Amino acid sequence: MNIIFLGPPGAGKGTQSKLLEERYGLVQISTGDMLRAEVASGSAIGAEAKALMHAGKLVPDALIIAMLKDRIAQKDCQNGFILDGFPRTLAQAEELDQMLKADGKRIDVVLFLNVDEEILADRISGRFTCANCGRTYNEVSNPPKQAGVCDACGSHEFKRRADDKRETVVERLKEYRKLTAPILPFYEKLGLLHTINGMLPAEGVTAEIEAALGENP
Ligand code: AP5
Ligand code: ZN
């Protein structure tokens, strides 16, 4: 099964795709995580992406499409994948469609996490992740069970994202409205779009997702 998660910054795409990855044995592909790894390694791709990401802007389609194409060709993706953060523009959605068709594959379901904008900035400003295993937490809605200790791996080290500052979040939301929201009708026309109430507590969101996937086994 190949799944796409769509939704604005902070909607819970990363949180929910991690859960599905474990439950369904699918591979999560986060283009944001891939780009952050490129920036951290100081690669040429990272150098091109860094300033744009810090400004809350999307990176160029050609760069991200080439990166995604290489990633889904890898062996671990053959049993199914979850796209978290891709596609982000109509050009990316159309290119993905062509790429998969050429390989005899397709997207089975598109899950749109619908969250009101007022909620998003608070979610993002409260977000932190485990520096060791990448588990995502939130100061208010999803703290670790034991303060300062990662539930998943026991690490005491946490980090915050450079683009989670309020002024950058405003730009990320603008980019979402202008470039990403317009791809919802593309998937609606294909009959693949399921709208999920992303404002429920995380477990409630997971339950809605599982109901949607039940209709698309
Ligand atoms: P990316 O890393 O993809 O960021 P994003 O889309 O802005 O999404 P986020 O990771 O901020 O949010 P999320 O929906 O995953 O929420 P999360 O689960 O963490 O992209 C970063 C940048 O990379 C882009 O700006 C762009 O520059 C570039 N980029 C990436 N892909 C690209 C592409 N395809 N094309 C061009 N450029 C690209 O949850 C957020 C917080 O809320 C957490 O604290 C979490 O614990 C909490 N939370 C989650 N669910 C709930 C809930 N139900 N109730 C309460 N709290 C919750
Ligand atoms: Zn951890």
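Residue indices begin from 1 for each chain and proceed along its sequence in written order. Chains carry letters and ligands carry numbers; both start at the beginning, A for chains and 1 for ligands, and go up in the order they are written. Only residues with pLDDT of at least 70 are given local features in this predicted model, and only at 80 or more are side-chain atom pairs given and counted; all residues enter the totals for whole chains, interfaces and linings. The side-chain values count all of the structure's non-hydrogen atoms but skip hydrogen atoms and water molecules.

- If you check an unreviewed UniProt entry, the chain appears there as Adenylate kinase from Acetobacter garciniae.
- Looking at the Sequence similarities (unreviewed entry) heading of the UniProt record, one finds this comment for the chain: "Belongs to the adenylate kinase family."
- UniProt positions are given in the numbering used here, feature names are shortened, and annotations may be inferred rather than shown by experiment. Regarding the chain, the relevant UniProt record gives this comment under Function (unreviewed entry): "Catalyzes the reversible transfer of the terminal phosphate group between ATP and AMP. Plays an important role in cellular energy homeostasis and in adenine nucleotide metabolism."

## Quick word on the UniProt feature "binding site: AMP" (unreviewed entry) in the chain
- According to UniProt, the "binding site: AMP" (unreviewed entry) feature falls on Thr31, Arg36, Lys57, Leu58, Val59, Gly85, Phe86, Pro87, Arg88, Gln92, Arg161 and Arg172. Considering the C-alpha atoms alone, the annotated residues occupy 142 residues of sequence and remain spread out, their largest mutual distance being 24.5 Å.
- Along the chain, the position of Arg36 falls in helix α2 (residues 31-41).
- Any pair of residues with heavy atoms lying within 4.5 Å of one another is described as a contacting pair. The residues contacting Arg36, other than those within four sequence positions of it, are Ser30, Met53 and Arg161.
- Secondary structure elements are taken from DSSP: a helix is a run of H or I of four residues or more, a strand is a run of E of two residues or more, and numbering for both begins at the N terminus. In this structure, Phe86 sits in the loop between β3 (81-84) and α5 (90-102).
- Among all residues touching Phe86, those that are not within four sequence positions of it are Ile4, Thr31, Ile64, Ile65, Leu68, Gln92 and Leu96.

## Some details on the sheet that holds strand β4 (residues 109-114)
- Think of it this way: DSSP has to see at least two bridges between two strands before they count as a pair. An order of β2-β3-β1-β4-β8 is seen for the five strands of this open sheet, with the pairing classed as parallel. Lying at the two open borders of the sheet, with one neighbouring strand each, are β2 (27-30) and β8 (193-197). Averaged over all adjacent pairs, the angle separating strand axes in this sheet is 25°, with direction ignored.
- Inter-axis angles, ranging from 0 to 180 degrees, are taken between N-to-C directions of lines fitted to C-alpha atoms, where helices are fitted over the stretch in contact. Against the sheet, helix α9 (residues 202-214) contacts β1 (3-6), β4 and β8, and its axis sits at roughly 160° relative to β8.

## Some details on the side chain of Gln92
- Within the secondary structure layout, Gln92 lies in helix α5.
- Relative accessibility decides the category of a residue: with a 1.4 Å probe and only protein chains considered, values under 20% of the type maximum give buried, values over 50% give exposed, and everything between is partly exposed. A residue is classified by how much of its surface remains accessible, and Gln92, at 3% relative accessible area, is buried.
- Not counting residues within four places of it along the chain, the set of residues in contact with Gln92 comprises Asp61, Ile64, Ile65, Phe86 and Pro87.

## Side note on the sheet that holds strand β6 (residues 136-138)
- Taken in spatial order, the three strands make up an open sheet running β6-β5-β7, and their pairing is antiparallel. For this open sheet the edge positions go to β6 and β7 (158-159), each flanked by a neighbour on one side alone.

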